[in-house]
Amino acid sequence: MKWFTVKIFFLLVVALLVNYSLSESAPNKTSELKKVMVPFAQETVTRITIVGDTGTGERAYPPGFSAVQKAMRETMPDALLHLGDFVYQPEMFPDSCPDRYIDEIKKNLVEPYPLRLFVAGDNDLPAHKSKPTASGCWSKIDPLDSGFDNPKTPRAFEGTRVVGNALIGVILSFPWQDPTEWLQPRIQEAREKGLWVILAFHEPAITTAWYLNKRDTLLKQLSALKPDIVLAGHQHSYERFHPLSLDENNAFKITTSETGKYQSGDGTMHIVSGGGGATFKPFADLQKNEEHTAPKEVFDALAKRALMNHFITLDISRGILKGTVWRVCVKDDPDDKWNPRWRSRKDFWKSITLECDGKPEGVAIYEEFEIKAKTRKSNSLTREPPPL
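All values derive from a computational prediction rather than experimental measurement. (Residues numbered from 1 in each chain as written. Predicted model: local features only at pLDDT ≥ 70, side-chain atom pairs only at ≥ 80, totals over all residues. Heavy atoms only, no water.)

## Topic: the pairing of strand 1 (residues 46-51)
In terms of residue burial, strand 1 counts as a mostly covered element, since 5 of its 6 residues are buried. Sheet analysis places strand 1 next to strand 14 (residues 309-316), joined by 5 bridges and oriented antiparallel. Counterpart to T49 in the pairing with strand 14 is T313. Regarding topology, helix 3 (residues 62-73) serves as the crossover connection from strand 1 to the parallel strand 2 (residues 79-82), and that connection is right-handed. (Buried < 20%, exposed > 50% of the residue type's maximum accessible area, 1.4 Å probe, protein only. Helix = DSSP H or I, 4+ residues; strand = E, 2+ residues; numbered from the N terminus. Pairing = 2+ DSSP bridges. Right-handed = clockwise from strand over helix to strand, strands pointing away.)

## What about empty space enclosed by the protein?
Under the counting rule described, the total for this entry stands at 3 cavities of 30 Å³ or more. Roughly 40 Å³ of internal volume is contained in the largest cavity. The residue inventory of the lining of the largest cavity, partitioned by class, reads 3 nonpolar, 4 polar and 2 charged. (1 Å grid on protein atoms, 1.4 Å probe; cavity = no way out; pocket = protein on both sides within 12 Å on 5 of 7 lines; lining within 4 Å. Points joined across faces, edges and corners; volume = space filled by probe spheres on them. Nonpolar A, V, L, I, M, F, W, Y, C, P; charged D, E, K, R; others polar.)

## Regarding the confidence of the model for the protein chain
Here the protein chain averages 87 in pLDDT, while 85% of its residues score no lower than 70. Note on residues 1-42: pLDDT under 50 across the span, and 6 contacts to partners over four residues away in sequence or across chains. Low pLDDT (under 50) marks residues 376-388, which in the prediction has 9 contacts with non-local residues, meaning those over four places away or in another chain. (pLDDT = per-residue confidence, 0-100. Contact = heavy atoms within 4.5 Å.)

## Side note on the side chain of R155
On the secondary structure map, R155 appears in the loop between helix 5 (138-141) and strand 4 (159-163). Residue classification places R155 among the buried positions, given a relative accessible area of 15%. A distance of 2.9 Å separates the side chain of R155 from the side chain of E158, its partner in a polar contact. One polar contact links the side chain of R155 to the main-chain carbonyl oxygen of P175, over a distance of 2.9 Å. The contact partners of R155, leaving out residues within four places of it in the chain, are L172, P175, W176 and Q177. (Polar contact = N/O pair within 3.5 Å; in protein donor to acceptor, adjacent residues only side chain to side chain.)

## Thoughts on the environment of H202
Structurally, H202 is set in the loop between strand 6 (196-200) and helix 7 (215-225). Note on H202: relative accessible area 0%, which makes it buried. In sequence terms H202 and S273 are 71 residues apart; their C-alpha atoms lie 9.6 Å from each other. One polar contact links H202 to D122, side chain to side chain, over a distance of 3.2 Å.

## Description of the sheet that holds strand 14
Taking strand neighbours across the sheet as the criterion, the 7 strands line up as 3-2-1-14-15-16-11 in an open arrangement whose pairing is mixed. Single-partner strands in this sheet number two, and they are strand 3 (116-118) and strand 11 (261-263). On average, adjacent strands in this sheet sit at an angle of 20 degrees to one another, irrespective of strand direction. Here strand 1 pairs with strand 2 via 4 bridges, running parallel. The residue bridging V51 from the neighbouring strand is H82, located in strand 2. Packed on one face of the sheet, helix 3 meets strand 1, strand 2, strand 14, strand 15 (320-329) and strand 16 (362-372) and runs near 20 degrees to strand 14. (Axes fitted to C-alpha atoms, helices over the stretch in contact; angles between N-to-C directions.)

## Here we look at the sheet that holds strand 5 (residues 166-170)
Judged by pairing direction, the sheet is mixed, and its 7 strands sit side by side in the order 4-5-6-7-12-8-13 without closing on themselves. Only two strands of the sheet have a single neighbouring strand rather than two, namely strand 4 and strand 13 (302-306). Averaged over all pairs of adjacent strands, the angle between strand axes in this sheet comes to 15 degrees, irrespective of strand direction.

## What to know about helix 6 (residues 180-192)
Because an α-helix completes one turn every 3.6 residues, residues spaced three or four positions apart along the sequence face the same direction. Here helix 6 contains 13 residues, and its C-alpha end-to-end distance of 18 Å stays within 8% of the 18 Å for a straight helix at 1.5 Å per residue. Among all positions in helix 6, only W182, L183, R186, I187 and A190 are buried. Across the axial projection of helix 6, the buried residues extend over an arc of 120 degrees, all falling on one side. The exposed residues of helix 6 that point more than 90 degrees off its buried face are E181, Q188 and E192. (Expected span 1.5 Å × (residues − 1). Arc of directions from axis to C-beta.)

Structure representation (structure tokens):
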């Protein structure tokens, strides 16, 4: 019995020694796995939803406004960027801004979005001789956005805010003042941090909708700042231009792409997005208006355009800025009083079609575009040697 007990004890000791030896000699896979995974930080993507000319009020197109707002909410963005013209009221030189407009703005454009940046449109500012039906509601609208993150504002209603992987710059169009002095240092700082640069204001620098030559002013100033995207509203349509810049002779340098995919540094992409609920205005060339029809080189830079209710989502990571344009088609009810066409009795409408004509009601992708950042040096998996 004593011998049996000693034998059992001896076998247990041997087993423990073997197990210890194996555990010491085997590689620690968990430890090695952690060493490989550490350099890879999780990529963050910021979604910004963009809309312009939503048009709360009697001069707007309520069915389009409602459909666009419903579709926008379903995109679940991190931020909303509104390009101006919140209210289209009917009175000449109104002396007040009715609370019903502000209540609708709060419900549709404030409460659903955790962060908001608003651009002042000409219909939001006080009425004047050349814009007698402007609402004067901006003093009530402006406090509803999230504000800027730099306390030094150049002018009222102008400033910048970093949203995820992008610097958003908001500029006042009325009146326009060269933003270079205050905006260039902020853009330079953003570039040093690897951020995308997006600028937003109301009246576009380039458009085929109602052409005004701004080559020596807005276009020249913006080209020198070299933002990735410039966004504007004002024109009740959608337009996207290929990335462009100006050479030493002020001529266009255009980078075209049939696929909508570009490289950062190709130039600035200009987008006009004014289809959030306002009535559609035909492009000048379709109206046969020669004075405001854009010259050929502007059409050469044009990638896409349409008359439609729409909004845009930008999904922004460090390496890629991806845009999706959402077309929103509304069923035309012949029994209601609403018409999506501006001055619908004009003869030019007989030959002009809307993007949603003949298409089913609902939301669909109209187009996608992408800007890829220049190649960055990737994180190395090789561990640095310990210091001597």
